Amino acid sequence: MKLYRLLTADDTSAFCHKVTDALNKGWELHGDPTYAFDAGNGVMRCGQAVIKEVEGTYTPDTKLGAH
């Protein structure tokens with residue numbers, strides 16, 4: 001099955017570490033990163049989609065972070 005996740009965080013090094021961790025667990029980048037101002041919290045936010053092919057059958061109960 002193919003899994004999809006959208007990783008998001010404030011524009012800090014923590015976001016880069018989150019993406020790096022996913023890459024080192026076998027996830028692959030999917031598309032371009034996003035960058036937008038979160039007016040409600042007054043911060044810039046980053047996002048990056050990642051995908052991963054794994055064994056099994058998808059259900060809504062699939063724990064994406066466990067892969």
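Anything mentioned here points back to the structure above.
The paragraphs below set out a description of the structure included in this document. (Residues numbered from 1 in each chain as written. Predicted model: local features only at pLDDT ≥ 70, side-chain atom pairs only at ≥ 80, totals over all residues. Heavy atoms only, no water.)

## Section: the overall build of the protein chain
Note the threshold: The helix count covers DSSP runs of H or I at least four residues long, the strand count covers runs of E at least two residues long, and both are numbered beginning at the N terminus. Between buried and exposed lies partly exposed: a residue is buried under 20% and exposed over 50% of the maximum accessible area for its type, with that area taken using a 1.4 Å probe on protein chains only. The contact criterion used throughout is that any non-hydrogen atoms of two residues lie within 4.5 Å. Positive charges come from Lys and Arg, negative ones from Asp and Glu, while His and the chain ends are left out of the count. By convention, the charge on Lys lies at NZ, on Arg at CZ, on Asp at CG and on Glu at CD.
Scanning the protein chain from terminus to terminus reveals one helix and three strands. Here the C-alpha coordinates of the protein chain stretch approximately 40 × 25 × 20 Å along the principal axes. The 67 residues of the protein chain split such that 25% are buried. The long-range share in the protein chain, meaning contacts at least 24 apart out of those at least 6 apart in sequence, stands at 59%. In the protein chain, the 7 positive side-chain charges and the 9 negative ones have mean positions that sit 5 Å from each other.

## Here's the deal with the sheet that holds strand β1 (residues 2-10)
What counts here: Strands are treated as partners if at least two bridges between them are detected by DSSP. Here an angle of 0 to 180 degrees is reported between the N-to-C directions of two axes, which are lines fitted to C-alpha atoms, with helices fitted over the stretch in contact.
Strands sit in the order β1-β3-β2 across an open sheet of three strands; the sheet is antiparallel. If you trace the sheet from one side to the other, it starts and ends with β1 and β2 (28-38), each paired once. In this sheet, neighbouring strand axes are inclined to one another by 15° on average, regardless of whether the strands run parallel or antiparallel. When β2 meets strand β3 (residues 43-53), the two strands line up antiparallel, connected through eight bridges. Paired with A36 across the bridge in β3 is R45. Contacts from helix α1 (residues 13-24) reach β1, β2 and β3, with the element oriented near 160° to β1.

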